[in-house]
Number of protein chains: 2
Amino acid sequence: MGCKVSKVRMWLEKRSPAQIITGYYLLAVMISILLFSLPQVYKPKVELSFFDKVFMAVSVVTDTGMTIFNISETYSVFGYFIIMLVLQFGGIGIMAMSTFFWLLLGHKIGLKQRRLIMIDNNQFALSGLVRLVRDILKMIIFIELFGGIILGFHFLNYYPDWKEAFLQGLFSSVCATTNAGMDITGESYVPFANDYFVQLITIIQIIIGAIGFPVLIEVKEYLSRKKIKGEYRFRFSLFTKVTTATYGILLVIGTILIFLLEFQHYFKDVPWHKTFFYAFFQSATTRSTGFTTMDITDFSTPTLLVMSILMFIGGSPNSMGGGIRTTTLALNLLFIYNFAKGKREVKVFNRELHQYDIMKSLAITLLAIVMCAVSVIAISFSDSQQQLIAIFLEVCSAFGTVGLSMGITPELSVFAKCILMVLMFIGRIGLTSVFLIIGGEGNKDVNYRYPKERVITG
Amino acid sequence: MGCKVSKVRMWLEKRSPAQIITGYYLLAVMISILLFSLPQVYKPKVELSFFDKVFMAVSVVTDTGMTIFNISETYSVFGYFIIMLVLQFGGIGIMAMSTFFWLLLGHKIGLKQRRLIMIDNNQFALSGLVRLVRDILKMIIFIELFGGIILGFHFLNYYPDWKEAFLQGLFSSVCATTNAGMDITGESYVPFANDYFVQLITIIQIIIGAIGFPVLIEVKEYLSRKKIKGEYRFRFSLFTKVTTATYGILLVIGTILIFLLEFQHYFKDVPWHKTFFYAFFQSATTRSTGFTTMDITDFSTPTLLVMSILMFIGGSPNSMGGGIRTTTLALNLLFIYNFAKGKREVKVFNRELHQYDIMKSLAITLLAIVMCAVSVIAISFSDSQQQLIAIFLEVCSAFGTVGLSMGITPELSVFAKCILMVLMFIGRIGLTSVFLIIGGEGNKDVNYRYPKERVITG
Ligand SMILES: [K+]
Ligand SMILES: [K+]
């Protein structure tokens, strides 16, 4: 037995980090499929095909929450808890989780293992990784439970049965924090369209999930260090500044665009505060979560296009979100701006960006565009009865692990669903990992011409 | 008078080449508007608004050929000749033309003027530019006239009146060679759907127009030098190799994709040779010209998406085509491929590409995608009754200066038409010029780390 373990360990040592991470994600998909094969997971008399179970497993483990049937009509209460468990796989990160179990079993964390987490979380410093994993786990689980209790009490207004209220509260809390966007209300957040308290709590949880773990860790360090040493001047990393600024700017731009595009259409005759919450909630949720307080099929085409692009961009790196990631977008735009001005170096927040990171962000964006374009063409061929905008939204939604849909998911062909599964998987592990799998660790011949500071992309 | 001329010359000397080129193109648009304001240009009783005249002027001068009314019903024979004249502005290049007039008037061509042509034609060597301009002019005019005569004789089969036959022949020949894709048949190339001779002649002319002037010049040099010196080994430039290979590969891929996507749809029950010519002709014409032998609105969505992408890519640099250009695509794909393999240097045809050219190609592609995406969203907002695929095709068609349309151009709002005009203009002058206008000649701080050989993009 011990011999077998060491053989496995030796085998693992020979693999590249990106290969192992992808392997772990695949393993997590397998485990999810097994869990979703348990008959207790479903309500009595519900019969699902094996393919549907696989699709749901991928959708849940990647935190996408794209569904092919109403969850509250299909799954048992036991099933709800299985979903919430599987959501942790994708949300907290399989790497972090496996490291946690490693620690739990008394193993010392080695350099190889540290490097694995490093890639998964895109961190460059090796120190403090064990603490990072523990902090991530504690923080997320605390937020999920605490949010669940708050929402549970509040949901007593909606559900007279306290069990139902707290189940709804916990499920909403978990799905908001992990940015899964699934619901057991049967109609997403439409019942809470006028409940700004629920929406605000949810937006806060969504942002915590989508802003990225490193940002949360740094904020925590900032708050605690300030108290201990009065003299100590804490500096946020360039990554945190870039990703938070981009996240915030996109949140505002999304709100404004949805407001302007639907002002004379969907929002006609709606009071201003409700219009604002509609637009703001939709902007926040479209980035990675996929909740809705209204029927998005009633939106006009330009709004749906803007939402698709927001989904394509996705959340921050090392977050519950998918897509190309916020920093990738930021580096792309900074590069174009500087290139147009005739400059090759890109500076931001008084720091110079590393040339390699810019190249990586450009490669990620272009590959993602090609991948999504090919997917749209393929699905519009295989499922020719569907509207182009619905297919485009669906593809961006899968790649961004958002899960929003104009309702076509259940009608799609097996071929189209397979494409969506691949997109969800790649969206979740990120194109950085895909590049590393294809090329191995190509960083070795990186030329450190600008040894300033690095920024995470993809 | 002489004083005035020298003042103009002094003023010109102070401007950057990209500014002057854009200025010349704007001037050409003005002249076109003036020419299209002549009442003799139109058939009797035809009344057009000023805005329509401006739109047509931009469409013709940029060699796009996007029309808002049937040309044969609107323009007089004099009008046809005005159209053919204006097409030369965009086709041969306003810069080349102005240099030609400069030479014609007995002026010596100075370094400044040489530099202007250099930018317009993306050439890096200063020598031989005067000859280049002359060769371009002679070659194009010869091909236009020669093709017109051949087609004129052939068209005697269609039009009993020899004047009509030769007018049709000349107009087709000019519109094929300049890649304008306009027609006075009233229904594009549909009358010649079974006439493979006309289609082959047209494809040859289209390729000559879209393959790029430098390629033609090099081929000419290759053919002539071989005869003079038996020992001399002519080497085609890296640019010629990359652009020709990309052009050819895209032509084949386009044919195969159109064939496969419409095999069970549009081409059902069509004989194989006609299917082949449909697909091949459409693939060739979609890249920059815009002729059709069939009604493209009958195509399925995936085919229209593939065609839109082909139009977005466009023709070769320094050609009659628009879009991001073939080499830009090639450099993007080579970059992604090499990046995925962990390499930063990009090698092709036993040469190493310059880092700056790769950066430029990435910047051009991303900016073009952003520009077209914003255009699609804006038009889908202003003209919400139009289908998304029709708008997408229209935007790519304008940016690629192709002129294909699902027939929505006349119905579009003034706002949408203004967007299309901007896209046609930018597509024609190329994003390289746009970058140069914004940033001036940013090349000055280029780091020649890889002093190998440069490739033209955008
Ligand atoms: K989601
Ligand atoms: K054209």
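An unreviewed UniProt entry lists chain A under the name TrkH family potassium uptake protein, with Neobacillus notoginsengisoli as the source organism. The record held by UniProt for chain A lists under Subcellular location (unreviewed entry) the comment "Cell membrane".

Draft legend 1. Structural detail: the overall build of chain A. Counting its regular elements, chain A contains 19 helices and two strands. When the 458 residues of chain A are sorted by exposure, 62% land in the buried category. Considering only contacts within chain A whose residues lie at least 6 apart along the sequence, 73% involve residues at least 24 apart. When the accessible surface of chain A is summed, it comes to about 18800 Å², and 66% of that surface belongs to carbon and sulfur atoms.

Draft legend 2. Summary view of the environment of Met56(A). All names here are of chain A. Mapping Met56 onto the fold places it in helix 3 (residues 50-61). Looking at Met56, the relative accessible area reads 1%, which means it is buried. Along the sequence, Met56 and Ile33 sit 23 residues apart, while their C-alpha atoms lie 8.2 Å from each other. Discounting residues that sit within four places of it in the chain, Met56 has contacts with Phe36, Met66, Thr67, Ile68, Phe69, Tyr75 and Met182.

Draft legend 3. Region of the structure containing the packing of aromatic side chains. Applying the stated criterion to the full structure yields 46 aromatic pairs over all chains. Taking the centre distance of 5.8 Å and the plane angle of 10° together, the rings of Phe267(A) and Tyr278(A) count as stacked. Of this pair, Phe267(A) sits in the loop between helix 12 (238-262) and helix 13 (272-286) while Tyr278(A) sits in helix 13, and the two are 11 residues apart along the sequence. For the pair formed by Phe267(A) and Tyr278(A), the shared burial category is buried. Centroid distance Tyr158(B) to Tyr159(B): 6.4 Å. Interplanar angle 40°. Geometry classified as tilted. In textbook terms, an aromatic cluster arises when at least three aromatic residues are bridged by ring pairs, as seen for Phe155(A), Tyr158(A), Tyr159(A), Tyr189(A), Phe192(A), Phe281(A) and Phe291(A).

Draft legend 4. View of the coordination of the potassium ion (ligand 2). Residues and elements named next belong to chain B. Here the potassium ion (ligand 2) is held by the protein donor atoms Asp63 (O), Thr64 (O), Asn179 (O), Ala180 (O), Ser288 (O), Thr289 (O), Thr401 (O) and Val402 (O), which lie 2.5 to 3.1 Å from it. Considered as a linear motif, the donors of the potassium ion (ligand 2) on their single chain read D-T-x114-N-A-x107-S-T-x111-T-V. Using a relative accessible area of 1% as the deciding quantity, one classes Val402 as buried.

Draft legend 5. Expanded view of helix 15 (residues 326-340) of chain B. Residues and elements named next belong to chain B. The end-to-end C-alpha distance of helix 15 is 21 Å, a good match for the 21 Å that 15 residues give at a rise of 1.5 Å each. Burial of helix 15 is extensive: 12 of the 15 residues sit out of reach of the surface. Those residues of helix 15 that fall on the buried side of the exposure criterion are Thr326, Thr327, Thr328, Leu329, Ala330, Leu331, Asn332, Phe335, Ile336, Asn338, Phe339 and Ala340. Phi for Gly342, located one or two positions after helix 15, is positive at around 85°.

Draft legend 6. Fine view of the side chain of Ser59(A). As for its position among the elements, Ser59(A) is in helix 3. Beyond its immediate stretch of four places on either side in the chain, Ser59(A) contacts Thr64(A), Gly65(A), Met66(A) and Met424(A).

Draft legend 7. Layout of the interface of chain B and chain A. With 40 residues of chain B at the contact, the number on the chain A side is 40 residues. Together, the buried faces of chain B and chain A total about 3800 Å²; carbon and sulfur atoms form 78% of this surface. Of all residues in chain B, Phe339(B), Arg344(B) and Met359(B) give up the largest surface area on contact with chain A, accounting jointly for 19% of the area buried on that side. Our count for the contact surface shared by chain B and chain A stands at zero salt bridges.

Draft legend 8. Looking closely at the side chain of Ser300(A). Among the secondary structure elements, Ser300(A) is positioned in the loop between helix 13 and helix 14 (301-313). With near-sequence residues (within four places) excluded, Ser300(A) lies in contact with Leu261(A), Glu262(A) and His265(A).

Draft legend 9. Spatial organisation of the packing of helix 15 of chain B against helix 16 (residues 355-382) of chain B. Residue and element names in this part refer to chain B. One way to put it is that helix 15 packs onto helix 16 with a least axis distance of 9 Å and a crossing angle of 110°. In terms of their interaxial angle, helix 15 and helix 16 are classed as roughly perpendicular. Here helix 15 contributes Thr328, Leu331, Asn332 and Phe335 to the contact with helix 16, which in turn contributes Asp357, Ile358, Ser361, Leu362, Ile364 and Thr365. Looking at side-chain class alone, the contact of helix 15 with helix 16 contains five nonpolar, four polar and one charged residues.

Draft legend 10. The relation of the copies chain B and chain A, seen in detail. The operation relating chain B to chain A is a screw motion whose rotation component is 180°, with 0.0 Å of axial translation and a residual RMSD of 0.0 Å. In symmetry terms, the pair is related by a two-fold rotation axis. Looking at the interface residues of chain B, 100% of them are also at the interface in chain A, so both copies use one shared face.

Draft legend 11. A look at unusual backbone geometry. Residue and element names in this part refer to chain B. A positive phi angle, near 75°, is found at Lys45, a position not held by glycine. Relative to the helices and strands, Lys45 resides in the loop between helix 2 (17-35) and helix 3 (50-61). The phi angle at Asp63 is positive, at roughly 65°, despite the residue not being glycine. Structurally, the position occupied by Asp63 is in the loop between helix 3 and helix 4 (71-74). Exposure remark for Asp63: the relative accessible area of 0% places this residue in the buried category.

Draft legend 12. Up close: a nonpolar patch on the surface. A cluster of nonpolar side chains, contributed by Val252(A), Ile256(A), Phe259(A), Leu260(A) and Phe263(A), occupies part of the molecular surface with about 440 Å² of accessible area. Note that Phe259(A) resides in helix 12.

Draft legend 13. Expanded view of helix 9 (residues 162-177) of chain A. Residues and elements named next belong to chain A. Compared with an ideal rise of 1.5 Å per residue, which puts 16 residues at 22 Å, helix 9 spans 22 Å between its outermost C-alpha atoms and is within 8% of the ideal. Residues of helix 9 that are buried: Ala165, Leu167, Gln168, Gly169, Phe171, Ser172, Ser173, Val174, Cys175, Ala176 and Thr177. For helix 9, the capping residue at the N-terminal end is Asp161, with a side-chain oxygen 3.2 Å from the backbone nitrogen of Lys163.

Draft legend 14. The arrangement of the environment of Thr246(B) in detail. Position of Thr246(B) relative to the elements: it lies in helix 12 (residues 238-262). Apart from the residues lying within four places of it in its own chain, the contact partners of Thr246(B) are Thr326(B), Leu329(B) and Ala330(B).

Draft legend 15. Structural detail: the packing of helix 10 (residues 196-210) of chain B against helix 13 (residues 272-286) of chain B. Residues and elements named next belong to chain B. Relative orientation of the contacting elements helix 10 and helix 13 amounts to 25°, with a least axis distance of 10 Å. Judged by the angle between their axes, helix 10 and helix 13 are roughly parallel. Every pair of crossing elements has a handedness; the one defined by helix 10 and helix 13 is left-handed. When helix 10 is examined against helix 13, the residues Tyr196, Gln199, Leu200, Thr202, Ile203 and Ile206 are found in contact with a partner set consisting of His273, Lys274, Phe277, Phe280, Phe281, Ala284 and Thr285.

About the cut-offs
Residues numbered from 1 in each chain as written. Chains lettered and ligands numbered in written order. Predicted model: local features only at pLDDT ≥ 70, side-chain atom pairs only at ≥ 80, totals over all residues. Heavy atoms only, no water. UniProt positions renumbered as here; feature names shortened; annotations may be inferred. Helix = DSSP H or I, 4+ residues; strand = E, 2+ residues; numbered from the N terminus. Buried < 20%, exposed > 50% of the residue type's maximum accessible area, 1.4 Å probe, protein only. Contact = heavy atoms within 4.5 Å. Areas by Shrake-Rupley, 256 points an atom, 1.4 Å probe, with all protein chains shown as cover. Phe/Tyr/Trp six-rings, centres within 6.5 Å; stacked < 30°, edge-to-face > 60°. Donors = N, O, S within 2.8 Å, 3.2 Å for Na, K, Ca; no water. Expected span 1.5 Å × (residues − 1). Buried area = accessible area lost by both parts, 1.4 Å probe. Salt bridge = Lys/Arg side-chain N within 4 Å of Asp/Glu carboxyl O. Axes fitted to C-alpha atoms, helices over the stretch in contact; angles between N-to-C directions. Parallel < 35°, antiparallel > 145°, perpendicular 65-115°, else oblique. Nonpolar A, V, L, I, M, F, W, Y, C, P; charged D, E, K, R; others polar. Least-squares fit on C-alpha atoms with pLDDT ≥ 70 in both. Patch = residues over 30% accessible without salt bridge, like charges linked within 9 Å, V, L, I, M, F, W, Y side chains within 5 Å. Polar contact = N/O pair within 3.5 Å; in protein donor to acceptor, adjacent residues only side chain to side chain. Left-handed = near helix turned anticlockwise from the far one by under 90°.

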